[in-house]
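Here is how the chains run, residue by residue.
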Amino acid sequence: MCNVCLVSAQSYYRYSAASLVRQGLKSGSWPRMWRRHTLKSHYDVIIIGGGIHGLATAYYLAKNHGITNVAVVDKGYLGGGGSGRNTAIVRSNYLTPEGVAFYDRSLELYNTMATDLNLNVMFSRRGHLTLAHTDSALRTMNWRAEVNKLAGVDSSVIGPQEVKELAPSLDVSTGTRYPILGALYHPPGGIVRHDAVVWGYARAADHLGVELHQETEVLDILVTGGEGPDGKGHGGKVTGIRTNRGDISSPVVVNCTAGWASLISNMAGVPLPITTHPLQAAVTEPCKVFLPTVVVSGSLHVYVSQTDRGELVFGASVDPVGTYRVNGTLEFIEELAGHVLELMPGISKMRLLRQWSGLCDMTPDYSPVMGYTQVAGYLVDVGWGTYGFKAGPVSGETMAESIAIGRNADLISSFGIERFTEGDLVGEKGAAAVGH
């Protein structure tokens, strides 16, 4: 760097630091990313859940369809649920044609999100490796690759040496307990800063006129005309919600919750085939970046990526027992560490910094439940299992479209609740691997 440039750069950084200090000393001078509002008595649309799905639905309602009299309500704070408790991996190499098309659109939206929302969401295209340790797993990878290619998604099966070139830290020797026979390689896959996605959608939705109401707990969903003794059950029509801050009327209520999806839906008299399980994750101390790709092993029940700051972020499969506990367990850490070291024995000296847990709503076919229900005006965007963060943008876009046109958008027509009684399931278990 030339001397003039160096002096200019030094002056810039001194000025920036000084500006931050001065701004911090000015009490109350930082502008809010979104506003606070008094809760109104009526909205055209009420969205329950202030995570990525709820905020994206509100944003696309306003941006794409001009529907701005919208309230997003959350019993906690925005992004305080599953949106803030995931490992932030995105990909589109799924198994079913319906799933591939759906998640590929979400990946497209993630690619342009920083520009669309005018906020750096730290999208990093890393490539995604799903390892195969057995012949049957390798067959599944070839199956997925062919489905992906037919849908125009960049995905292919590669051998152990190509895996080693992409992720040098992996042990691809043949004498290991779980030898790497190959992998499904998905170059467009990557990671995104989950908090930034929440903040971006929240700020953009607020700018377009949507109201965001935190610490607003839904106590009931108001329905009339149903067959049940309280107006609920089969049929009926939504008239609003009851909250800890009073009743709000609306002809459209959207359930975009995770963890409590079935409990909220029961309020409307719409039972869901969902079981809720905790999903744990952990992060290490930072070190020099050495893992350029996202690595997943279904056989070992582990997935790992490295952040720009150098931490390794690990996850595994959901806990076997369905509970609403979000605390970490020693059993998880012991099992996770052992499986990670099977893949990368060279990181045995790294220290774990912390672990956390979130709640996953699992459906029988590992696909979401989206769109209209038997109660008029009540829509669901739930049952995401371990896929929720990946699907946030496209879920919001398609749910907003469904509300605007009065029927399920074509892209989510296969994910309706009626498929469970009609037997037309969308089986994504083969693409779940360990969830990522």
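Attention in this report is confined to the structure presented alongside it. If you're wondering where the values come from, they're calculated on a predicted model, not measured in any experiment.

Rules behind the numbers
- Counting of residues starts from 1 at the beginning of each chain's written sequence and follows it residue by residue.
- The model is predicted, so local features are restricted to residues of pLDDT at least 70 and side-chain atom pairs to those at 80 or more, both for listing and for counting; the totals for chains, interfaces and linings are taken over all residues.
- Side-chain measures were taken over the full set of non-hydrogen atoms in the model, leaving aside hydrogen atoms and water.
- Secondary structure counts use DSSP, requiring at least four H or I residues in a row for a helix and at least two E residues in a row for a strand, with both numbered from the N terminus.
- The globule rule used here is 2.2 Å times the number of residues to the 0.38 power, and the radius of gyration it is set against is calculated over C-alpha atoms.
- Residue contacts are counted whenever heavy atoms from the two residues lie within 4.5 Å of one another.
- To be clear on the numbers: accessible area is Shrake-Rupley with a 1.4 Å probe, and residue cover counts the displayed protein chains and nothing else.
- Lys and Arg are tallied as positive, Asp and Glu as negative. Neither His nor the chain termini are counted.
- By convention, the point assigned to a charge is CZ for Arg, NZ for Lys, CD for Glu and CG for Asp.
- Among the buried residues, those of types Ala, Val, Leu, Ile, Met, Phe, Trp, Tyr and Cys that are joined through side-chain atoms within 4.5 Å form a nonpolar core.
- Buried means the residue's accessible area, taken with a 1.4 Å probe over protein chains only, is under 20% of the maximum for its type, while exposed means over 50%, and partly exposed covers the values in between.
- In this description, a line fitted to the C-alpha atoms serves as the axis of each element, helices being fitted only across the stretch in contact, and the angle between N-to-C directions of two axes falls anywhere from 0 to 180 degrees.
- Every angle not falling under 35 degrees, over 145, or within 65 to 115 is termed oblique; those three ranges are roughly parallel, roughly antiparallel and roughly perpendicular.
- Here a helix's expected span is defined as the number of its residues, less one, multiplied by 1.5 Å.
- We define the bend at any residue as the angle between the axes fitted to the seven residues before and including it, ending there, and the seven starting there.
- Pairing between two strands is assigned when DSSP locates at least 2 bridges connecting them.
- For patch building, the residue pool is restricted to those with more than 30% relative accessible area and no salt bridge; the joining distance is 9 Å between like charges and 5 Å between nonpolar side chains (Val, Leu, Ile, Met, Phe, Trp, Tyr).
- The rule for a salt bridge is simple: a side-chain nitrogen of Lys or Arg has to be within 4 Å of a carboxyl oxygen of Asp or Glu.
- With a 1 Å grid laid over protein atoms only, a set of points is called a cavity when a 1.4 Å probe fits there but cannot get out and a pocket when it is open yet has protein on both sides within 12 Å along at least five of seven lines; lining residues have an atom within 4 Å of a point.
- Grid points are joined across faces, edges and corners, and a volume is the space filled by probe spheres set on the points.
- Three classes are used, and their members are as follows: Ala, Val, Leu, Ile, Met, Phe, Trp, Tyr, Cys and Pro are nonpolar, Asp, Glu, Lys and Arg are charged, and the others, Gly among them, are polar.
- Pairs of N or O atoms are called polar contacts if they sit within 3.5 Å, as long as, within protein, a hydrogen donor faces a hydrogen acceptor (for residues adjacent in sequence, only side-chain-to-side-chain pairs).

Let us now look at the overall build of the protein. If you tally the helices and strands in the protein, you get 11 helices and 20 strands. A compact globule built from 436 residues would reach a C-alpha radius of gyration of about 22 Å, and the protein, at 23 Å, matches this within 12%. Projecting the C-alpha coordinates of the protein onto the three principal axes gives extents of approximately 65 × 65 × 40 Å. When contacts within the protein are restricted to residue pairs at least 6 apart in sequence, long-range pairs at least 24 apart make up 76% of them. Accessible area for the protein stands at about 19,100 Å²; split by element, carbon and sulfur atoms hold 55% of it. Of the side chains in the protein, 35 bear a positive and 39 a negative charge, and the two mean positions are spaced by 9 Å.

Let us look at the nonpolar core. Of all hydrophobic cores here, the largest spans 55 residues; its most connected members are Ile47, Phe102, Val197, Tyr201 and Val254. Counting residues per element, the ones that place at least two in this core are β1 (45–48), α2 (52–65), β2 (70–73), α3 (97–117), α6 (194–207) and α9 (388–405). In contact with Val197, not counting residues within four places along its chain, are Ile52, Tyr110, Met113, Val121, Val192 and Phe389.

Before going further, it helps to examine the environment of Val321. Structurally, Val321 is set in the loop between β17 (312–315) and α8 (330–343). With 45 residues separating them along the chain, Val321 and Thr276 place their C-alpha atoms 8.8 Å apart. With residues up to four places along the chain from it excluded, the contact list for Val321 reads His277 and Pro278.

Right, let's get into the packing of α3 against α9. Look at α3 against α9: their axes get within 8 Å of each other, and the N-to-C directions meet at 95 degrees. Viewed along their axes, α3 and α9 adopt a mutual orientation that is roughly perpendicular. Counting all contacts with α3, which are made through Phe102, Tyr103, Arg105, Ser106, Leu109, Tyr110 and Met113, the residues of α9 involved are Phe389, Lys390, Ala391, Gly392, Pro393, Val394, Ser395, Glu397 and Thr398.

For the rest of this paragraph, the subject is α3. For an α-helix, the turn length of 3.6 residues means that residues three or four places apart are oriented alike. Taking 1.5 Å per residue as the helical rise, α3 with its 21 residues ought to reach 30 Å, and the 29 Å between its terminal C-alpha atoms agrees with that figure. At Asn111, α3 shows its strongest bend, of approximately 45 degrees. Along α3, the residues classified as buried are Gly99, Val100, Phe102, Tyr103, Ser106, Leu107, Leu109, Tyr110, Met113 and Leu117.

Spatial strand order, β6-β7-β5-β15-β16-β17-β14-β18: eight strands in an open sheet with mixed pairing. Only two strands of the sheet have a single neighbouring strand rather than two, namely β6 (156–158) and β18 (352–362). When the angles between neighbouring strand axes are averaged without regard to direction, this sheet yields 20 degrees. Along the sheet, α8 contacts β5 (128–132), β14 (275–284), β15 (294–297), β16 (302–306), β17 and β18; its crossing angle with β14, the most-contacted strand, is approximately 60 degrees.

Looking now at the sheet that holds strand β12 (residues 246–249). Within the open sheet, the three strands sit side by side as β10-β11-β12. Their pairing is antiparallel. Pairing within the sheet leaves two strands with one partner each, and these edge strands are β10 (218–224) and β12. On average, adjacent strands in this sheet sit at an angle of 25 degrees to one another, irrespective of strand direction. Relative to β12, strand β11 (residues 237–243) is paired through four bridges, and the arrangement is antiparallel. Within the sheet, the bridge partner assigned to Thr243 lies in β12 and is Gly246.

A cluster of nonpolar residues, Trp260, Leu263 and Tyr324, forms a patch on the protein surface that exposes about 280 Å² of accessible area. Among the secondary structure elements, Trp260 is positioned in the loop between β13 (253–255) and α7 (261–267).

Right, let's get into the layout of surface pockets. The computed volume of the largest pocket comes to approximately 950 Å³. Going through the elements one at a time, α2, α7, β18, β20 (378–382) and α9 are the ones with two or more residues in the lining of the largest pocket. With four residues, β18 is the single largest residue contributor to the lining of the largest pocket. Counted by class, the lining of the largest pocket contains 19 nonpolar, 20 polar and seven charged residues. Estimated volume of the second largest pocket: approximately 600 Å³. Taken together, 24 residues make up the lining of the second largest pocket; nearest its centre are Arg193, His194, Thr307, Arg309 and Val313. If you list the elements that add at least two residues to the lining of the second largest pocket, you get α6, β14 and β18. Counting residues per element, the lining of the second largest pocket draws most heavily on β18, at three residues. By residue class, the composition of the lining of the second largest pocket is eight nonpolar, eight polar and eight charged.

Residue position: Thr398 is located in helix α9. A distance of 2.7 Å separates a polar atom in the side chain of Thr398 from the backbone oxygen of Val394. Here Ser395 takes part through its backbone oxygen, which lies 3.2 Å from a polar atom of the side chain of Thr398. Contacts of Thr398, omitting those with residues within four sequence positions, involve Phe102, Met370, Ala409, Leu411 and Ile412.

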